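Observations on the model geometry
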Amino acid sequence: MLILGIESSCDDTSIALVEKGNSVLSNIISSQIKDHTRYGGVVPEIAARKHLEHILPVLHSALDKADTNISKIDAVAVTHKPGLVGSLIVGLTAAKSIALHLKVPLIGINHLHAHTYAGCLAGLPFGKPHLSLIASGGHTSLLECHRHTYRLIGRTLDDAAGEAYDKIAKHLGLGYPGGPIIDKLAQSGNKSIIRFPRPMIDHDTFDFSFSGLKTAVMYYLHNNPETPPRDLAAAFQDAVIDVLLTKTLKAREHLAYDTISVVGGVAANSALRAAFKESADRTHFSLFIPPPVLCTDNAAMVAGLAYHLLMDNIVSPLNLGVTATADIPLK
Ligand code: KG4
Ligand code: ZN
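Thresholds applied
Residues numbered from 1 in each chain as written. Chains lettered and ligands numbered in written order. Predicted model: local features only at pLDDT ≥ 70, side-chain atom pairs only at ≥ 80, totals over all residues. Heavy atoms only, no water. Pairing = 2+ DSSP bridges. Helix = DSSP H or I, 4+ residues; strand = E, 2+ residues; numbered from the N terminus. Axes fitted to C-alpha atoms, helices over the stretch in contact; angles between N-to-C directions. Contact = heavy atoms within 4.5 Å. Near = heavy atom within 4 Å. Polar contact = N/O pair within 3.5 Å; in protein donor to acceptor, adjacent residues only side chain to side chain. Areas by Shrake-Rupley, 256 points an atom, 1.4 Å probe, with all protein chains shown as cover. Donors = N, O, S within 2.8 Å, 3.2 Å for Na, K, Ca; no water. Domains from an automatic or database assignment. Buried area = accessible area lost by both parts, 1.4 Å probe. Salt bridge = Lys/Arg side-chain N within 4 Å of Asp/Glu carboxyl O. Core = buried A, V, L, I, M, F, W, Y, C linked by side-chain atoms within 4.5 Å. Buried < 20%, exposed > 50% of the residue type's maximum accessible area, 1.4 Å probe, protein only. 1 Å grid on protein atoms, 1.4 Å probe; cavity = no way out; pocket = protein on both sides within 12 Å on 5 of 7 lines; lining within 4 Å. Points joined across faces, edges and corners; volume = space filled by probe spheres on them. Nonpolar A, V, L, I, M, F, W, Y, C, P; charged D, E, K, R; others polar.

**Describing the sheet that holds strand E3 (residues 23-31)**
The strands making up a sheet associate through backbone hydrogen bonding, with each pair oriented either parallel or antiparallel. Across the sheet, five strands lie side by side as E3-E2-E1-E4-E5; this open sheet has mixed pairing. Among the strands making up the open sheet, the edge pair consists of E3 and strand E5 (106-110). Strand-to-strand twist of the sheet, defined as the mean angle between neighbouring strand axes without regard to direction, takes the value 20°. Pairing between strand E1 (residues 2-7) and strand E2 (residues 12-19): six bridges, direction antiparallel. Each residue of the ladder has a partner; that of leucine 2, found in E2, is glutamate 19. Its contacts with the sheet place helix H2 (residues 44-65) against E1, E2 and E3, and it is angled at close to 25° to E2. The sheet strands contacting helix H4 (residues 111-121) are E1, E3, strand E4 (75-81) and E5, and the helix crosses E5 at an angle near 90°.

In structure tokens:
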């Protein structure tokens, strides 16, 4: 069962071919970073136009890499929400055209569910109930997952964790996207020089907030302009990781899970990965963090999840639309 997956929800055009949900034959990702860098963030209009330019070359590369022909695919899966509407439309239109032409099923995928499925590409058995922390540029959410049912138990009330990384990097003039830049810079910084607030860390809910932390970093820099950026980066990152780890561990204890996945772009962060691994070793839970290329946006997670939906006869109509927001049911 070979599924072609398409991901175009933000600024990465990605197409993958995945066999039986977990054998990734190809996963081509065309990044638009250079097109958005000078603006310090993703410009939706530019993103949509670039997807249009890249989607066919990426399709050909994905088929070449997998050494297959498009007529061999059994279904087409595509991210159709949430994301930038103009970007999603490009991927969805391509997917519909292929499905219609080849007379194969179309499977619309929720981007957050796909991120969570990346844990399964890293070895988490699909049938295993688990807690998933999704930390990306658009979302910071804690989900209870069992197969393809999801319950949202916490989310950010303002900025996402990755958004805070990106905004702080922009403020410091470091470039875009901020996550990998701050990750690298923080490795040579001293995180103990400044102690930034840990927003909502002691609240009874599993919700997050990162907007106040971002403001605290900016005020600190304003009042202490001589602070080395590497120390600022290390102290900021320490606060983010402390909040993400503490809240996830609290949720795990409260809901009695023995398995956790950490996914989304921020899960590519080296210090965050080390902190979760250390905690899993110390307190004995099973931890699944995908390799960095499967943490950030990619189509392998889309095609992988679609296999299980198809096995359960869950397919989409050809009049499927795109939506900017997600609709995971609240508690
Ligand atoms: O999952 P993703 O590729 O796209 C969304 O769905 O948002 O996540 C992108 C986010 C960006 O905010 C980026 O700065 C962040 O993930 N990111 C990182 C790292 N790599 C990417 N954040 C922290 N450390 C990293 N190494
Ligand atoms: Zn994403």
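**Observations regarding the site of ligand 1**
Neighbouring residues of ligand 1: 21 residues in total, closest Gly137, Asp166, Gly179, Asp183 and Asn269. Aspartate 183 places a polar side-chain atom, nitrogen or oxygen, 2.9 Å from a nitrogen atom of ligand 1. Within the side chain of asparagine 269, an N or O atom sits 3.0 Å from a nitrogen atom of ligand 1. Isolated, ligand 1 exposes 550 Å² of accessible area, and the fraction of that covered by the protein chains is 89%. Counting residues per element, the ones that place at least two in the shell around ligand 1 are H4, helix H5 (161-171) and helix H6 (178-186). By residue number, the principal contributor to the shell around ligand 1 is H6, which donates four residues.

**A few points about the coordination of the zinc ion (ligand 2)**
Ideal values for angles at a metal depend on the geometry: 109.5 degrees with four tetrahedral donors, 90 or 180 degrees with six octahedral donors. Surrounding the zinc ion (ligand 2) are the protein donor atoms His111 (NE2), His115 (NE2) and Asp297 (OD), which sit 2.0 to 2.1 Å from the metal. For the zinc ion (ligand 2), the single-chain donor residues occur in sequence as H-x3-H-x181-D. One end of the pair, histidine 111, is in helix H4; the other, aspartate 297, is in the loop between helix H10 (292-295) and helix H11 (300-311), and 186 residues separate them in sequence.

**Description of the pairing of E3**
The pairing of E2 with E3 spans eight bridges and is antiparallel. When the sheet's bridge partners are listed, isoleucine 15 is paired in E3 with isoleucine 28. In textbook terms, the turn of a hairpin is the stretch between consecutive antiparallel strands, and for E2 and E3 this stretch comprises three residues, one of which, lysine 20, has a positive phi near 50°.

**Side note on the sheet that holds strand E7 (residues 140-146)**
Sheet architecture is open: five strands sit in the order E8-E7-E6-E9-E10, paired in mixed fashion. At either end of the open sheet lies a strand with only one pairing partner, and these are strand E8 (149-155) and strand E10 (286-288). Strand-to-strand twist across the sheet, computed as the mean angle between neighbouring axes with direction ignored, equals 25°. Looking at chain direction, E7 and E8 are connected through six bridges and run antiparallel. When the sheet's bridge partners are listed, leucine 143 is paired in E8 with leucine 152. Helix H8 (residues 229-255) rests against strand E6 (130-135), E7, E8 and strand E9 (259-263) of the sheet, and its axis sits at about 160° to E6. In the packing of helix H9 (residues 270-283) onto the sheet, contacts are made with E6, E9 and E10, and the angle to E10 comes to roughly 160°.

**Some thoughts on the domain arrangement of the chain**
Taken as a whole, the chain is organised into domain 1 (2-116 + 298-311) and domain 2 (129-292). One C-alpha centre belongs to domain 1, the other to domain 2; they are set 27 Å apart. In this assembly, 15 residues from domain 1 lie in contact with 13 residues from domain 2. Buried area between domain 1 and domain 2, both sides added, is near 1,300 Å², and the carbon and sulfur share of it is 69%. Among the residues of domain 1 in contact with domain 2, Leu112, His115 and Thr116 are the three that bury the most area, contributing 41% of the side total. Joining domain 1 to domain 2, the criterion identifies zero salt bridges.

**Things to note about the nonpolar core**
With 47 residues, the main nonpolar core has Phe196, Phe210, Phe236, Leu244 and Val262 as its most contacted residues. Of all the secondary structure elements, the ones that give two or more residues to this core are E6, H5, H6, helix H7 (211-223), H8, E9 and H9. Ranked by residues supplied to this core, first place goes to H8 with 12 residues. Membership of the second largest hydrophobic core comes to 31 residues, among which are Ala16, Cys120, Leu143 and Leu310.

**Notes on empty space enclosed by the protein**
Summed over all chains, the structure comprises one cavity of 30 Å³ or more. Considered as a void within the structure, the largest cavity measures approximately 50 Å³ in volume. By residue number, the principal contributor to the lining of the largest cavity is H4, which donates four residues. Its residues assigned to classes, the lining of the largest cavity shows five nonpolar, three polar and one charged.

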